[in-house]
Amino acid sequence: MDFNGSGGGNELHNNQFYPSEESKPLLGEMSAQQLPPPEGNNNHKAGPCSKRSLLHCSSGMRYKLLQEGDIQVCVVKHPRTFLSKLLTSKFLRRWEPHHLTLTDSSLMSATKKIYKYRKVLNNPSRWDVVLKEIRALVDMALTSPLQDESIHQAPLHIISTLLAENTNLSAQDHENIIVAIAPLLENNHPPPDLCEFFCKHCRERPRSMVVIEVFTPVVQRILKHNMDFGKCPRLRLFTQEYILALNELNAGMEVVKKFIHSMHGPTGQCPHPRVLPNLVAVCLAAIYSCYEEFINSRDNSPSLKEIRNGCQQQSERKPPMPLRLLRPEPPTPPQTTTLSPPPALPLSPPPSIVNSSEILVELERNNNTTNTLRKAPAEGDSEPNLIDCLLVSPALNALSIQLPAHADRVLGCFALILKMLSDYDDWRPALASLLQPIPFPKEALAHAKFTKELKYVIQRFAEDPRQEVHSCLLSVRSGKDGWFQLYSPGGVACDDDGELFASMVHILMGSCYKTKKFLLSLAENKLGPCMLLALRGNQTMVEILCLMLEYNIIENKDTQLQIISTLESTQVGLRMYEQLCDRQRELKELQRKGGPTRLTLPSKSTDADLARLLSSGSFGNLENLSLAFTNVTSACAEQLIKLPSLKQLNLWSTQFGDAGLRLLSEHLACLQVLNLCETPVTDAGLLSLSSMKSLCSLNMNSTKLTADTYEDLKAKLPNLKEVDVRYTEAW
């Protein structure tokens, strides 16, 4: 038998059939007793039965073959757990009556008409009749009591097939069909073919009222509930075309802003966690599409080596691309005298990685002479770092990219959306995480308009005091440039005199990046911009230069004298340099040999008490310091790192945290015993202890230590003999 007509598109094993009072014999199980004939249904006729069938039935009871009957159908999913069985039990009340008829080759339902609609719509004759059938099909799907996705998806697939096979419909027919199926789209995603049809309508008729009235709730549902655009890319494309259609309306940018605000909601916290990732995915794909033709045709475009050297080869056998690289005339640099710092001693990067500071190249003046400031990697044909291949000296020629008009509008629209997303405080941490590492192609990073638009987003990150936001400005690992390098002086995206760079450094230094490692990277790569901004009175850069002197970051004596001259050239610099000199004298006095070897602060002592005590005399011999049960915090690390002979430190039951541990790990390399019992330290700070190779005893009792961090510390601390991890996850 063919059971295709009995379930309305559902598999038979997914349905459970329960007989009505008039059709019990139809579904009765084999039993030892003859079931009584159905009452009130005298139209049932017995079918023919062969002698062979009678022989097989001789041992049991015989049944009449029914040709038609009533049945009630309920779709019940196979539950995997007892809880899901309880949750789906409410659907047991959702019955749908069917009147079944047995034919020679199939079992047909006279009540379920979806196959009738499919047959009619697959052979359209008059479109007014087709539209009427579509409305009836939608009504049937909406009024069915069955709780199954296929009840609503089957009509959408039928209509998708109809539209795919009839591409010559008028615009009015398009709108009539869209309006007819709109009720089905309220709780269902459109199938891929239907998304193509919607995209075409958005492109051809962006000002149609259907876009606002019908597509808006559909797109809102997609953004709120879609989990992965990778599995359904046409949903993303439809969302992208819908937003572009909004942008084509009168005051299009304002309409787009209202739509984004409606997706966030009126409160300070968006109630739908999937909205932001989906919007960012749409923006990234749309921005990539602006440069896609150029990216996919790199055989016709300058190679990465040619982009790095600023030249473009002409190709006679291929037509010019709509997206092309241009070389504008270089501006004449003004004749001004600036403070040029002597070169610092850079660390040698791995052979396969090129730091952004090394790519300072001049555009080719002619075919024979090229003035190279610094050499590129040895393998000239290998692909350089993402930003390195675009960096050129700011004083020399620069490359720019020209987009076609349509791509330029697309870029402006979705760059605006990224700027709007960065304005919401609750979305900013997740947005910063989604934009790290840099997800844009290098052609976009070389485009001045794009980097200028994105600068607003980076500024919002640099102004946010939350560490999870501004920490995303840095690269995810060494050798890979991040937004900090991209918008620093000398970076391809830097279009100011270092104001954004100073803002980024200020927020990073204000949190937990006042470290030797961060200062060393600035000294190696950005010492010139730091000195120039300090010369102009920027207080953050003055503080940076003072810290470089205080932590002995700069070893070259001439460079140290030049930094001192820079500091003394401004009032704020002179004042901070004098304070540095005072601290150095106090430090010299503090570290002078003498004083106690053991010191214990009274309970309830504070950071100020510790600073006052250490400033009262010499503590050059201090080896054992106990701050147990005091009120000191991570701020006291500034005082602790001044003790050169310290070998044992007890911080039991204090408020000493991760920031203090990072500072200790950089300056107290000789520390042997450390007690962190009942302190608020976490894995983020404990991991920094791996650089303290002299540690022999470490107490992490009652901290937030995890098992992975504990294993990592054991592997990196060879001298560690005594460890206390009780009442932690690693215990």
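Structure shown above.
Each value, and the rule that gives it
Residues numbered from 1 in each chain as written. Predicted model: local features only at pLDDT ≥ 70, side-chain atom pairs only at ≥ 80, totals over all residues. Heavy atoms only, no water. 1 Å grid on protein atoms, 1.4 Å probe; cavity = no way out; pocket = protein on both sides within 12 Å on 5 of 7 lines; lining within 4 Å. Points joined across faces, edges and corners; volume = space filled by probe spheres on them. Helix = DSSP H or I, 4+ residues; strand = E, 2+ residues; numbered from the N terminus. Nonpolar A, V, L, I, M, F, W, Y, C, P; charged D, E, K, R; others polar. Phe/Tyr/Trp six-rings, centres within 6.5 Å; stacked < 30°, edge-to-face > 60°. Buried < 20%, exposed > 50% of the residue type's maximum accessible area, 1.4 Å probe, protein only. Expected span 1.5 Å × (residues − 1). Arc of directions from axis to C-beta. Axes fitted to C-alpha atoms, helices over the stretch in contact; angles between N-to-C directions. Parallel < 35°, antiparallel > 145°, perpendicular 65-115°, else oblique. Left-handed = near helix turned anticlockwise from the far one by under 90°. Contact = heavy atoms within 4.5 Å. Pairing = 2+ DSSP bridges. Core = buried A, V, L, I, M, F, W, Y, C linked by side-chain atoms within 4.5 Å. Salt bridge = Lys/Arg side-chain N within 4 Å of Asp/Glu carboxyl O.

Caption draft 1: Structural context of the layout of surface pockets. If you add up the space inside the second largest pocket, you get close to 620 Å³. Around the second largest pocket sit 23 residues that line it, and Glu550, Tyr551, Glu638, Ile641 and Lys642 are the ones nearest its centre. Contributions of two or more residues to the lining of the second largest pocket are made by α24 (539-550), α26 (571-590), α28 (637-640) and α29 (658-667). The element best represented in the lining of the second largest pocket is α26, accounting for 5 residues. For the lining of the second largest pocket, the per-class residue count stands at 9 nonpolar, 6 polar and 8 charged.

Caption draft 2: Spotlight on the packing of aromatic side chains. Evaluated as defined, the whole model comprises 13 aromatic pairs. Taking 5.1 Å as the distance between ring centres and 45° as the angle between the ring planes, the aromatic pair formed by Phe629 and Trp652 counts as tilted. Here Phe629, found in the loop between β8 (624-626) and α28, pairs with Trp652, found in the loop between β9 (648-650) and α29; they are 23 residues apart in sequence, far enough to count as distant. Between Tyr727 and Trp731 the ring centres are 4.9 Å apart and the planes differ by 50°, which places this aromatic pair in the tilted class. Tyr727 gets classed as exposed once you look at its relative accessible area, which sits at 54%. Put simply, the rings of Phe197, Phe198, Phe215 and Phe238 pair up and form one aromatic cluster.

Caption draft 3: Summary view of helix α11 (residues 252-264). An ideal rise of 1.5 Å per residue puts 18 Å on 13 residues; α11 measures up with 19 Å between its terminal C-alpha atoms. Listing the buried residues of α11 in full gives Gly252, Val256, Phe259, Ile260, Met263 and His264. The buried residues of α11 occupy an angular sector of 140° when projected down its axis, which confines them to one face. Once α11 ends, the next one or two residues include Gly265, with phi positive near 100°.

Caption draft 4: Up close: the packing of α24 against α26. At their nearest, the axes of α24 and α26 sit 10 Å apart, and the two run at 25° to each other. With respect to each other, α24 and α26 are oriented roughly parallel. The element α24 and its partner α26 pack so that their crossing is right-handed. Seen from α24, the contacting residues are Gln539, Val542, Glu543, Cys546, Leu549 and Glu550; seen from α26, they are Val572, Gly573, Met576, Tyr577, Leu580, Arg583 and Gln584. By residue class, the composition of the contact of α24 with α26 is 7 nonpolar, 3 polar and 3 charged.

Caption draft 5: Quick peek at the sheet that holds β8. The parallel open sheet is built from 6 strands, whose spatial order is β7-β8-β9-β10-β11-β12. The two strands at the open ends of the sheet, each matched to only one other strand, are β7 (598-600) and β12 (722-724). With direction set aside, neighbouring strand axes in the sheet form an average angle of 5°. The sheet contact formed by strand β11 (residues 697-699) and β12 spans 3 bridges and is parallel. From the neighbouring strand, Leu698 faces β12, where its bridge partner is Val723.

Caption draft 6: Inspection of the side chain of His447 at higher detail. By secondary structure assignment, the location of His447 is in the loop between α17 (442-445) and α18 (448-463). Sequence-distant contacts of His447, that is, excluding residues within four places in its chain, are made with Tyr291, Ile401, Leu403 and Leu411.

Caption draft 7: Geometry of the packing of helix α7 (residues 171-181) against helix α9 (residues 209-225). Close contact between α7 and α9 brings their axes to 10 Å; oriented N to C, the two are set at 20°. Here α7 is positioned roughly parallel relative to α9, judged by the angle of their axes. For the crossing formed where α7 meets α9, the hand is left-handed. Here α7 contributes Glu175, Ile178 and Val179 to the contact with α9, which in turn contributes Val210, Val214 and Phe215. Split into classes, the residues belonging to the contact of α7 with α9 amount to 5 nonpolar, no polar and 1 charged.

Caption draft 8: Summary view of the nonpolar core. With 169 residues, the main nonpolar core has Phe414 and Phe440 as its most contacted residues. Of the residues forming this core, the biggest block, 10 residues, is contributed by helix α15 (residues 405-421). With near-sequence residues (within four places) excluded, Phe414 lies in contact with Gln240, Ile243, Leu244, Val282, Cys283, Ala286 and Ile287.

Caption draft 9: The arrangement of the pattern of salt bridges in detail. For the structure shown, the criterion picks out 21 salt bridges. Between Glu196 and Arg234 there is a salt bridge whose closest N-O contact spans 3.4 Å. Residue Glu196 is found in helix α8 (residues 192-204), and its partner Arg234 is found in helix α10 (residues 233-247); the two are separated by 38 residues along the sequence. By relative accessible area, Glu196 is classed as partly exposed at 33%. Between Asp609 and Arg612 there is a salt bridge, with the nearest N and O atoms lying 3.0 Å from each other. Highlighted residues: Asp609 and Arg612, both in helix α27 (residues 607-614), separated by 3 residues, approximately one helical turn.

Caption draft 10: How the structure looks around the environment of Leu535. For Leu535, the position within the fold is in helix α23 (residues 527-535). Placed 35 residues apart in sequence, Leu535 and Thr570 show a C-alpha to C-alpha distance of 6.8 Å.

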